[in-house]
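Here's the letter readout for the chains.
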Amino acid sequence: MPLNITKTLVTTLALSTFALGAHAETWTFDSSNSRISFGSVKQGDIGESHGLSGIKGTVSADGAVTATIDLSTVDTDIDVRNERMIKHVFKNAPDAKLTATLDMDALKAMAPGDTTTILVEGALEFLGEEIPLDVDMFVMRATGDKVVAVSDGMVYLSTEELGINAGIDMLKEIAGLDSITRATPVSIRFVFNAKDGAS
């Protein structure tokens, strides 16, 4: 269920570009510290937390954002459920893709320690569909060559918007559940590093 997630992903990716300087042409995801987390509620009141960690991407010097989310990295804390998510919800698709364009002029002036909130528009390619996205992100320039961006407030995603209702129905049937919610909270944490060093 990583869509609105992706909204944020697009946003964050773009944000990292603000740190671009004369020498840093490209910024890349720090995959070991970047994560998309999402929740689900089953049987009316049983909440669970899940995540995706396989996030890779770049922001070019001209603000073009591209990213991929490896859907096989979904982690629900239960191996068999991970497998069911990949097969029935993600339909064995290898990844979701994100694209966006960022106007960096307002962001380049940020110094280490500065923070800002920014809205970035982009698109998510998920299971053969392209979905327009926009998300508010809180961004901090941690150092000259490191940017941290997190979702600003709670983001919710709809299984109908993602086109995965049938997959959720299958999970519910396999697990013998009466209900699984069709909207889920999502939080994003992205860390970006300058590809060739500090700006």
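The preceding data block contains the structure.
Values in this document were obtained by computation on a predicted structure and should not be read as measured data.

Student: How should I be thinking about the overall build of the protein in this particular structure?
Tutor: Each helix and strand in the protein was counted, giving 4 helices and 11 strands. Taken over 199 residues, the protein has a buried fraction of 45%. Carbon together with sulfur atoms contributes 49% to the accessible area of the protein, which is approximately 9000 Å² in total.

Student: Explanation requested: helix H2 (residues 79–89) in the structure shown.
Tutor: Along an α-helix, residues three or four positions apart point the same way, because every turn accommodates 3.6 residues. Residues of H2 that are buried include every one of Arg-81, Asn-82, Met-85 and Val-89, and no others. Looking down the long axis of H2, one finds its buried residues gathered within 105° of arc, a one-sided arrangement. For H2, exposure combined with an orientation more than 90 degrees from the buried face picks out Asp-79, Glu-83 and Lys-87. At its buried positions, H2 is contacted by strand S2 (35–42), strand S3 (46–52) and helix H4 (165–175). Lys-91 sits one or two positions beyond H2 and adopts a positive phi of about 55°.

Student: Which parts of the structure should I look at to understand the environment of Thr-117?
Tutor: If you trace the backbone, Thr-117 turns up in strand S7 (residues 115–126). For the pair Thr-117 and Met-137, spaced 20 residues apart in the sequence, the C-alpha separation amounts to 5.5 Å. With sequence-adjacent residues up to four places away left out, Thr-117 is seen in contact with Asp-136, Met-137, Phe-138 and Asp-152.

Student: Can you help me understand the pairing of strand S5 (residues 64–70) in this one?
Tutor: The two faces of a sheet get side chains in turn, since along a regular strand they alternate between them. Here S5 shows a buried face lined by Val-65, Ala-67 and Ile-69 and an unburied face lined by Ala-64, Thr-66, Thr-68 and Asp-70. Direction of pairing for strand S4 (residues 54–59) relative to S5: antiparallel, over a ladder of 6 bridges. Residue Gly-54 lies in a different strand from S5, and its bridge partner there is Asp-70. The hairpin formed by S4 and S5 contains 4 residues between the paired strands, and Gly-63 there has a positive phi angle of roughly 90°. With 7 bridges joining them, S5 and strand S6 (residues 95–101) adopt antiparallel strand pairing. Within S6, the residue paired with Ala-64 across the bridge is Thr-101.

Student: Could you clarify how one ought to interpret a negative patch on the surface in this entry?
Tutor: A cluster of acidic residues, Asp-75, Asp-77, Asp-79 and Glu-83, forms a negative patch at the surface. Note that Glu-83 resides in helix H2. Overall, Glu-83 belongs to the exposed group, its relative accessible area being 53%.

Student: Can you walk me through the environment of Ala-100 in this structure?
Tutor: As for its position among the elements, Ala-100 is in strand S6. Sequence separation between Ala-100 and Thr-66 is 34 residues; the distance between their C-alpha atoms is 6.8 Å.

Student: What is the right way to read the side chain of His-50 from this model?
Tutor: Examined against the element boundaries, His-50 turns out to sit in strand S3. For His-50, a relative accessible area of 4% translates into the label buried. Those residues in contact with His-50 that sit more than four places away from it in its chain are Arg-35, Ile-36, Ser-37, Phe-38, Gly-39, Ser-40, Asp-75, Thr-76 and Arg-81.

Student: So what exactly am I meant to see when it comes to the packing of H2 against H4 here?
Tutor: Two elements in contact, H2 and H4, have axes separated by 9 Å at closest approach and are oriented at 140°. The angle between H2 and H4 places the two elements in the oblique class. For the element pair H2 and H4, the recorded crossing hand is right-handed. Residues Arg-84, Met-85, His-88 and Val-89 of H2 pack against Gly-167, Ile-168, Met-170, Leu-171 and Ile-174 of H4.

Cut-offs used in this document
Residues numbered from 1 in each chain as written. Predicted model: local features only at pLDDT ≥ 70, side-chain atom pairs only at ≥ 80, totals over all residues. Heavy atoms only, no water. Helix = DSSP H or I, 4+ residues; strand = E, 2+ residues; numbered from the N terminus. Buried < 20%, exposed > 50% of the residue type's maximum accessible area, 1.4 Å probe, protein only. Areas by Shrake-Rupley, 256 points an atom, 1.4 Å probe, with all protein chains shown as cover. Arc of directions from axis to C-beta. Contact = heavy atoms within 4.5 Å. Pairing = 2+ DSSP bridges. Patch = residues over 30% accessible without salt bridge, like charges linked within 9 Å, V, L, I, M, F, W, Y side chains within 5 Å. Salt bridge = Lys/Arg side-chain N within 4 Å of Asp/Glu carboxyl O. Lys, Arg positive; Asp, Glu negative; His and termini not counted. Charge placed at Lys NZ, Arg CZ, Asp CG, Glu CD. Axes fitted to C-alpha atoms, helices over the stretch in contact; angles between N-to-C directions. Parallel < 35°, antiparallel > 145°, perpendicular 65-115°, else oblique. Left-handed = near helix turned anticlockwise from the far one by under 90°.

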